[in-house]
Amino acid sequence: MSDAGAGPAGIATALALSEHKDSVGNPLFSITIFEQKSAVGGRMVLDFDQNQNPHPSTPFWHGLEIEDIATSELLPAASIIRARFEELGNTAEKVSNGNGNGFKKSASERQGKSSVGFFNGKEIIAQTTRPGHSISWSEWFALVFRYGSSVWKAKHLGDETDKMVAEILKAGSLPQNQHRPSHFPHQRANRKQQTNLTLHSVLATTQLSGLISQSAEDFLAEKGISSAYINEILNPQIWRQIAQDVNEISEVALHSALGKEYARSIGNGLYGVGSFGTVMKSLAGRSGADIRLGREVIGMRREVIGMRRRRGEGEIRGGWEIESKNAGRLGGEMSVESFDQVVIAAPWNISALLAAFGPGSGRGPERDNDQKNEVFYRRVYVTFIVSNDILDAKYFGFSSPLPDEILFTTKEDGNKNNNRRLCQKERDLKGIYEISHVRRMYGPDFDLQAFHMVPESGVEGENISTDAVYHLYRILSDHPLDTRPSADFLKRIFGNGGAVVAVKSVLVRDAYPLLWPRSEREVGELRIAEGLSWTGAVDGVGSGIELAWVVGEVVAGCLEREMHEGIEGGGAGWRNGGDVVRPVHG
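Residues numbered from 1 in each chain as written. Predicted model: local features only at pLDDT ≥ 70, side-chain atom pairs only at ≥ 80, totals over all residues. Heavy atoms only, no water.

**Notes on the overall build of the chain**
A count of helices and strands for the chain gives 21 helices and 17 strands. Counting every position in the chain, which comprises 586 residues, the buried fraction comes to 55%. Residue pairs at least 24 apart in sequence account for 78% of intrachain contacts in the chain once pairs closer than 6 positions are excluded. Accessible area of the chain: about 25,700 Å², with a carbon and sulfur share of 48%. (Helix = DSSP H or I, 4+ residues; strand = E, 2+ residues; numbered from the N terminus. Buried < 20%, exposed > 50% of the residue type's maximum accessible area, 1.4 Å probe, protein only. Contact = heavy atoms within 4.5 Å. Areas by Shrake-Rupley, 256 points an atom, 1.4 Å probe, with all protein chains shown as cover.)

Here it is in structure tokens:
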């Protein structure tokens, strides 16, 4: 079995399948995972050198952790991933003892709390604290004074996220015949394919279909939440999490985004900076899968094992052939391997895959046109800045100290912006969604060999001192900031031309799935062809590592039931177990 992608969904699929043994304790599934990136973890693993070549004068740092990239805590107390990790007898202390820089690295002097400021282009107009239950009385009264009853009406909008994820996991574990009947005739007629569990059947069982089809905008209107609170508070929070406005998304996407926003901004205690990558690596190893890091899947096709005897009956199809190559290299050796089952556990252009084979070819997946439910993504640039000073509060019209995280309330109105001349600050901040102080860094944290830095003085590494304290900032934007034109902007926001020690931008192409309201018919399938499953169908419903993990386990359950039904029906099951994870395009 092959798995394409070593993110949460792919690792969940592999780990769940590894638990199934035969009568003498041997694994039922032989699993191979292909991952384009250099480490497990999914889209949040940023391989800088694989994404783009840095500008000759631009340094980059290899010491970043996944927690530095994430905009919310990755392993909270209610995390399913954390639960699976601890169910296997692991503890944070145990892993850190076996890992030189494990969980002992300090997460933050704020111990999981962070202040958030909402900037309208001129000044910071409101402040809150993350996690939501840590907001001070002064902040609460200031918000109520400005926005009235909308503040408490919106207080619990993110509370249902964990419950929704748990319900999906529970529904996916039910036998197929316990799911609510499908509304689609072709599925009611196809009783033989009991294991062809569709995502919309899971959603129907959990009664989440209504939340997916209703727009967030209509839901907030029904709740009586004012447009001022939506534009100035909710929109910046949602955009930071999923890069979409309230008027673009469904109700379930709203709850999911705010659930992450109201959580801690960064892990604290033992599950702090560096913990997520360590946990994922441990779980991947526990699955026993053959993990091919740095291996990019570039194509797949149905394996042909012969021709039928009677003329016109066509080919005899086998499993799937996976074509892969070393990632980040031009040319390079390509290889083709065959697998009985493939799970695509990463963003993938399913429509292109279907079109490549053509209808009736027998060489690829075939579905009715109304079942081709593509998921589209919005890209983002993530920029990391190492500085020897903090942001200039005066630039943001604020008295020091600035909030730890700054979100932007200004909305780009095409007609409005085209009809007037933008001031310097508006030009600076156009297309920027978040500026956050991530954590302090210290001289020994730096890999001086990785900087390749030539500052204006011409002396490499001159402004890096091993006994100094530095600050790591993260900026989310629609354009790179490690270019020469952006250098003046960085000088202005720090108020000190020599404050910036290092800056690096990386493009994440498939960062955020577009989560518009969808009817039940528009939700994709987990099984898109015989022997081919796709966890990415859930990206059309919601976004997040917990949801991805749950769907990976649901797909694994379907595959396990399918194999057992084949054996119980007198077949031999599959020739080899197998699960394929495709690497995320970086």
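Text resumes after the structure shown.
**Some remarks on the pattern of salt bridges**
Applying the stated criterion across every chain yields a total of 20 salt bridges. Note that Asp539 and Arg43 form a salt bridge whose closest N and O atoms lie 3.4 Å from each other. On the criterion of sequence distance, the pair formed by Asp539 in the loop between strand S16 (532-534) and helix H21 (545-568) and Arg43 in the loop between strand S2 (32-35) and helix H2 (48-51) is long-range, its members being 496 residues apart. With relative accessibility at 9%, the residue Asp539 sits in the buried group. Assessed through its relative accessible area of 26%, Arg43 is described here as partly exposed. Each member of the salt-bridge network shares a partner with another, and the members are Arg130, Arg240, Glu261, Glu405, Glu434 and Arg474. (Salt bridge = Lys/Arg side-chain N within 4 Å of Asp/Glu carboxyl O.)

**Some thoughts on the nonpolar core**
Ile81, Phe276 and Trp549 are the most contacted members of the largest nonpolar core, which has 70 residues in total. With 10 residues, H21 is the largest single contributor of residues to this core. Leave out the neighbours within four places in its chain, and Trp549 touches Pro8, Ala9, Ile11, Ala12, Leu15, Ile80, Ile81, Arg84, Met280 and Leu283. Core analysis: the second largest hydrophobic core is formed by 28 residues, Phe118, Trp140, Phe219 and Ile233 among them. (Core = buried A, V, L, I, M, F, W, Y, C linked by side-chain atoms within 4.5 Å.)

**Topic: the pairing of S2**
Each regular strand carries side chains that alternate between the two faces of the sheet. Side chains Thr32 and Phe34 project from S2 onto one buried face, and the interleaved Ile33 and Glu35 project onto a second face that is buried too. The sheet contact formed by strand S1 (residues 2-4) and S2 spans three bridges and is parallel. The residue of S2 that forms the bridge with Ser2 is Thr32. Taken together, S1, helix H1 (residues 8-18) and S2 constitute a β-α-β crossover, and its handedness is right-handed. Of the strand pairs in this sheet, S2 and strand S5 (residues 290-293) are connected by four bridges, and their pairing is parallel. Across the sheet, the residue bridging to Ile33 is Ile291, located in S5. (Pairing = 2+ DSSP bridges. Right-handed = clockwise from strand over helix to strand, strands pointing away.)

**Things to note about the packing of H1 against helix H15 (residues 275-286)**
It is the contact of H1 with H15, at a shortest axis distance of 8 Å, that shows an interaxial angle of 35 degrees. You can see that H1 and H15 cross each other, and the crossing is left-handed. Along its contact with H1, which presents Pro8, Ile11, Leu15 and Ser18, the element H15 presents Phe276, Met280, Leu283, Ala284 and Arg286. (Axes fitted to C-alpha atoms, helices over the stretch in contact; angles between N-to-C directions. Left-handed = near helix turned anticlockwise from the far one by under 90°.)

**A word on the environment of Arg82**
Within the secondary structure layout, Arg82 lies in helix H4 (residues 80-87). For the pair Arg82 and Glu546, spaced 464 residues apart in sequence, the C-alpha separation works out to 9.9 Å. Residues contacting Arg82, with those up to four places away along its chain left out, are Leu75, Pro76, Ala77 and Tyr271. For Arg82, the side chain forms a polar contact with the main-chain oxygen of Leu75, separated by 3.1 Å. (Polar contact = N/O pair within 3.5 Å; in protein donor to acceptor, adjacent residues only side chain to side chain.)

**Focus: the sheet that holds S2**
With respect to topology, six strands assemble into an open sheet ordered S5-S2-S1-S9-S16-S15, the strand pairing being mixed. Among the strands making up the open sheet, the edge pair consists of S5 and strand S15 (527-529). Each strand axis lies, on average, 20 degrees off the axis of its neighbour in the sheet, ignoring direction.

**A short note on the confidence of the model for the chain**
Here the chain averages 76 in pLDDT, while 69% of its residues score no lower than 70. Overall, residues 97-110 carries pLDDT values under 50, and its contacts beyond four positions in sequence, including any with other chains, amount to 32 contacts. Ignoring residues within four places in sequence, the model shows residues 176-195, a span with pLDDT below 50, making 31 contacts including any to other chains. (pLDDT = per-residue confidence, 0-100.)

**Digging into helix H12 (residues 216-223)**
Here H12 has its buried residues at Ala216, Phe219 and Leu220. One side of H12 carries all its buried residues, which in axial view fall inside an arc of 95 degrees. Exposed residues pointing more than 90 degrees away from the buried face of H12 are listed as Ala221 and Glu222. Buried residues along H12 sit in contact with helix H13 (227-242) and helix H14 (251-261). (Arc of directions from axis to C-beta.)

**Considering the packing of H12 against H14**
Running from N to C, H12 and H14 point in directions that differ by 80 degrees, and their axes come no closer than 7 Å. The pairing of H12 with H14 is recorded here as roughly perpendicular in orientation. Where H12 approaches H14, its residues Ala216, Phe219 and Leu220 are matched on the opposing element by Glu251, Leu254 and His255. (Parallel < 35°, antiparallel > 145°, perpendicular 65-115°, else oblique.)

**Focus: H14**
Taking burial as the measure, the 11 residues of H14 include 11 buried ones, the bulk of the element. For H14, the set of buried residues is Glu251, Val252, Ala253, Leu254, His255, Ser256, Ala257, Leu258, Gly259, Lys260 and Glu261.

**Thoughts on unusual backbone geometry**
In this chain, Arg130 is followed by Pro131 through a cis amide linkage whose omega measures -5 degrees. As for its placement among the helices and strands, Pro131 is situated in the loop between strand S4 (124-130) and helix H6 (137-147). One non-glycine residue, Ala243, lies in the positive phi region at around 55 degrees. Tracing the backbone through its elements, the reader meets Ala243 in the loop between H13 and H14.

**Let's talk about the packing of aromatic side chains**
With the rule as written, the count across this model stands at nine aromatic pairs. Residues Tyr473 and Phe494 carry aromatic rings whose centres are separated by 5.4 Å and whose planes lie at 85 degrees to one another, so their mutual orientation is edge-to-face. Of this pair, Tyr473 sits in strand S13 (residues 469-477) while Phe494 sits in helix H20 (residues 484-494), placing them 21 residues apart in sequence. A single burial state applies to Tyr473 and to Phe494, both of which are buried. Connected via pairs of aromatic rings, a cluster forms that spans Phe119, Tyr395, Phe396 and Phe408. For the cation-ring pair, Lys155 lies above Trp140, with the distance from its terminal atom to the ring centre recorded as 5.4 Å. Note that Lys425 overlies the ring of Tyr395, its terminal NZ or CZ placed 4.8 Å from the centroid. (Phe/Tyr/Trp six-rings, centres within 6.5 Å; stacked < 30°, edge-to-face > 60°. Lys NZ or Arg CZ within 6 Å of the ring centre and 35° of its normal.)

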